[in-house]
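Here's the letter readout for the chains.
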Amino acid sequence: MIRMSTKHEQILNYIESLPVGMKISVRAVAKELDVSEGTAYRAIKEAENIGYVSTIERVGTIRIEQKRKENIEKLTFAEVVNIIDGQVLGGRSGLHKTLNKFVIGAMKLEAMMKYTEKSSLLIVGNRVKAQEKALNAGAAILITGGFDTTDYVKGLADRYELPVISCSYDTFTVAAMINRAIYDQLIKKEIVIIDDIYTPIDETHVLYEDDLVSTWHALNDQTKHSRYPVVNKQNQVVGVVTSKDIINKRIDLKIEKVMTKKPIVTKVTTSLASAAHTMVWQGIEMMPVVDEGYTFQGVISRQDVIKGLQSSQRQPQIGETIDDLIHKQLYSHGDLNEFSTEITPQMTNQLGTLSYGVFASLVTEACNQTMKKEKTGDMVIENLSIFFMKPVQIGSQLSVLPEILEHGRKFAKIDVQVLSDNELVGKAMVMTQFINR
């Protein structure tokens, strides 16, 4: 069946075909493809989410090279401009390029150039000679202190397509800001999303809304699967059909008459944790994966979710989140359902006492480890109620005591008490569900 692409998809394909580094605008795209500016704007926004383009303040929207997830710790010069709120003085056409390292120019010129190489970023003040040498060596320039540079340096930057960026911050602050951005992206790198685990369209089977029930039976005999997404002629998901829908139905009925309409779907950018919660909460075994235009991309099954969760739990964390910190610092006391930890500065709020969010994470982690001892499936929090919480200061020793009140095959209810110096400082009730194979 021939499928016509939508205007939205045509714009995305057009943007993807543009040369890396090219500047685009809503008006120009709308004029080129003869679409409304509203349609062009929505498509450009999705292109930004996908990673085809980057919008930079005072520069505009440029086509960038989409970064591979395993190299996410590398930043483009365009991203550096955003991070430091910088101004581009020259070499705009090179903003899409990726920097391999940054060099702080706080040494003599000869020593500085030993470390300055192609694709690096030299962070320096108003040292024009250093700027010229760095550009000739293939490095971009970040000028701190809000200084300008010479026309000659700007001309070199344009010729080599290497950005020269200026910002008002000092060198130490700029280096700290870039380091923080790289660290944040390393955390993002560890987050499993649907795009990492779903079964793509060319490996799945679908039914069309005007197919007959007999087609489901033929597909079932062929694949031994019982659940299929249903799409229309534009390849948009309009339903899901399972064996329950087919039972006792005439084989000459159209699929649209028996399918479940407006099914729950997910997108490739959705996190695995969110999809897992939806599947458990709604009690579904398979979800269609769609793009912004509801166009079918593939499917995700309960088995995919389980494998993804197990994989993410085994993966060593490079960028450490608060939850990772809690996981490392929450100590189990053997076979007892008792855990202990010490309140560190990262766990506190602006008043220097235990943060409400960290308290919830401590409770969740203690419940998770408790249920693992019971050899249950992967746990998903359904409800967490904190009844009360007293201020707990930095350096305090906490004991976390989960008690399983009810435990079924698919759910558990856990009462959690938190003590400091044998005094009750917090109490919570947790309802969980399990994802079982």
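Residues numbered from 1 in each chain as written. Predicted model: local features only at pLDDT ≥ 70, side-chain atom pairs only at ≥ 80, totals over all residues. Heavy atoms only, no water.

- Looking at an unreviewed UniProt entry, one finds the protein chain named CBS domain-containing protein, with Alkalibacillus silvisoli as its source organism.

## Some thoughts on the nonpolar core
Turning to step 1, where the next piece is worked out: Of all hydrophobic cores here, the largest spans 26 residues; its most connected members are Leu 354, Leu 398 and Val 416.
Turning to step 2, where the next piece is worked out: Of all the elements in the fold, those that place two or more residues in this core are helix H16 (356-373), strand E21 (378-389), strand E22 (397-407), strand E23 (411-420) and strand E24 (423-435).
Turning to step 3, where the next piece is worked out: Element by element, the count of residues in this core is highest for H16, at seven residues.
Turning to step 4, where the next piece is worked out: Ignoring any residue separated from it by four or fewer positions in sequence, one finds Leu 398 in contact with Phe 339, Ser 340, Thr 341, Ile 343, Leu 354, Leu 362, Val 392, Val 418, Leu 419, Ser 420 and Val 425.
Turning to step 5, where the next piece is worked out: Core analysis: the second largest hydrophobic core is formed by 19 residues, Ile 62, Phe 77, Ile 123 and Ala 140 among them. (Core = buried A, V, L, I, M, F, W, Y, C linked by side-chain atoms within 4.5 Å. Buried < 20%, exposed > 50% of the residue type's maximum accessible area, 1.4 Å probe, protein only. Helix = DSSP H or I, 4+ residues; strand = E, 2+ residues; numbered from the N terminus. Contact = heavy atoms within 4.5 Å.)

## Notes on the packing of aromatic side chains
Turning to step 1, where the next piece is worked out: Applying the stated rule across the entire model yields zero aromatic pairs.
Turning to step 2, where the next piece is worked out: Over the ring of Tyr 160 we find Arg 159; its NZ or CZ atom is 5.7 Å from the centre of that ring. (Phe/Tyr/Trp six-rings, centres within 6.5 Å; stacked < 30°, edge-to-face > 60°. Lys NZ or Arg CZ within 6 Å of the ring centre and 35° of its normal.)

## Concerning the pattern of salt bridges
Turning to step 1, where the next piece is worked out: Overall, the coordinates contain seven salt bridges when judged by the stated rule.
Turning to step 2, where the next piece is worked out: With a shortest N-O distance of 3.8 Å, Arg 27 and Glu 37 are connected by a salt bridge. With Arg 27 in helix H2 (residues 26-33) and Glu 37 in helix H3 (residues 37-50), the pair connects residues that are 10 residues apart, well separated along the chain.
Turning to step 3, where the next piece is worked out: Residue Glu 37 is classed as partly exposed on the basis of its relative accessible area, which comes to 43%.
Turning to step 4, where the next piece is worked out: Lys 427 is the partner of Asp 415 in a salt bridge, and the nearest nitrogen-oxygen pair spans 2.9 Å. Residue Asp 415 is located in strand E23, and its partner Lys 427 is located in strand E24; the two are separated by 12 residues in the primary sequence.
Turning to step 5, where the next piece is worked out: Classification of Asp 415 by relative accessible area gives buried; the value is 7%. (Salt bridge = Lys/Arg side-chain N within 4 Å of Asp/Glu carboxyl O.)

## Quick word on the packing of helix H1 (residues 7-17) against H2
Turning to step 1, where the next piece is worked out: Running from N to C, H1 and H2 cross one another at 110°; their axes reach a closest spacing of 11 Å. In terms of orientation, H1 lies roughly perpendicular with respect to H2. Here H1 runs over H2; the crossing is right-handed. Contacts from Gln 10, Ile 11 and Tyr 14 of H1 reach H2 at Val 29, Glu 32 and Leu 33.
Turning to step 2, where the next piece is worked out: Here the contact of H1 with H2 is built from residues that sort into four nonpolar, one polar and one charged. (Axes fitted to C-alpha atoms, helices over the stretch in contact; angles between N-to-C directions. Parallel < 35°, antiparallel > 145°, perpendicular 65-115°, else oblique. Left-handed = near helix turned anticlockwise from the far one by under 90°. Nonpolar A, V, L, I, M, F, W, Y, C, P; charged D, E, K, R; others polar.)

## Focus: the pairing of strand E14 (residues 237-241)
Turning to step 1, where the next piece is worked out: Counting buried positions over the five residues of E14 gives four, a clear majority of the element.
Turning to step 2, where the next piece is worked out: When strand E13 (residues 228-231) meets E14, the two strands line up antiparallel, connected through four bridges. Bridging across to E14, Tyr 228 finds its partner in Val 241.
Turning to step 3, where the next piece is worked out: The hairpin turn running from E13 into E14, its antiparallel successor, is five residues long, and Asn 235 in that turn takes a positive phi close to 65°.
Turning to step 4, where the next piece is worked out: Where E14 and strand E15 (residues 260-261) come together, two bridges link them in antiparallel fashion. Each residue of the ladder has a partner; that of Gly 239, found in E15, is Lys 261. (Pairing = 2+ DSSP bridges.)

## Focus: the side chain of Thr 116
Turning to step 1, where the next piece is worked out: Within the fold, Thr 116 resides in the loop between helix H5 (109-115) and strand E8 (120-124).
Turning to step 2, where the next piece is worked out: At a separation of 2.9 Å, a polar atom in the side chain of Thr 116 contacts the main-chain carbonyl oxygen of Met 112. (Polar contact = N/O pair within 3.5 Å; in protein donor to acceptor, adjacent residues only side chain to side chain.)

## Some thoughts on the pairing of strand E7 (residues 101-104)
Turning to step 1, where the next piece is worked out: As paired elements, E7 and E8 share four bridges and run parallel to each other. Residue pairing for E8: Phe 102 is matched across the bridge by Leu 121.
Turning to step 2, where the next piece is worked out: In this region the chain leaves E7, passes through H5 and returns to the parallel neighbour E8; the handedness of that crossover is right-handed. (Right-handed = clockwise from strand over helix to strand, strands pointing away.)

## Concerning the sheet that holds E8
Turning to step 1, where the next piece is worked out: An order of E5-E10-E9-E8-E7 is seen for the five strands of this open sheet, with the pairing classed as mixed. What marks the edges here is a single partner per strand, and that holds for strand E5 (87-90) and E7. The average undirected angle you get between the axes of adjacent strands in this sheet is 25°.
Turning to step 2, where the next piece is worked out: Pairing between strand E9 (residues 140-143) and strand E10 (residues 164-166): three bridges, direction parallel. Note that in E10 the partner of Leu 142 across the bridge is Ile 165.

## Description of the packing of helix H15 (residues 322-329) against H16
Packed helix pairs are specified by the crossing angle of their axes together with the interaxial distance, meaning the distance between the axes.
Turning to step 1, where the next piece is worked out: Contact geometry for H15 and H16: axes closest at 10 Å, N-to-C directions at 55°. The orientation of H15 with respect to H16, classified from their angle, is oblique. The way H15 lies across H16 gives a crossing that is right-handed. Counted together, Ile 322, Asp 323, Ile 326 and His 327 of H15 and Val 358, Ser 361, Leu 362, Glu 365 and Gln 369 of H16 form the full contact between these two elements.
Turning to step 2, where the next piece is worked out: Class assignment of the residues belonging to the contact of H15 with H16 gives a composition of four nonpolar, three polar and two charged.

## Things to note about unusual backbone geometry
Leaving glycine out, the prevailing phi sign among residues is negative, and the prevailing peptide bond configuration is trans.
Turning to step 1, where the next piece is worked out: For Asp 85, which is not glycine, the phi dihedral falls at a positive 55°.
Turning to step 2, where the next piece is worked out: Position of Asp 85 relative to the elements: it lies in the loop between helix H4 (77-84) and E5.
Turning to step 3, where the next piece is worked out: Note on Asp 85: relative accessible area 46%, which makes it partly exposed.
Turning to step 4, where the next piece is worked out: With a phi close to 55°, Glu 161 is a non-glycine residue in the positive phi region.
Turning to step 5, where the next piece is worked out: The topology assignment puts Glu 161 in the loop between helix H7 (151-160) and E10.

## Some thoughts on helix H6 (residues 128-136)
Turning to step 1, where the next piece is worked out: Listed in full, the buried residues belonging to H6 are Ala 130, Gln 131, Glu 132, Ala 134 and Leu 135.
Turning to step 2, where the next piece is worked out: Elements that come into contact with the buried residues of H6 comprise H5, E8, E9, H7 and E10.
Turning to step 3, where the next piece is worked out: A positive phi of about 95° marks Gly 138, the residue just after H6.

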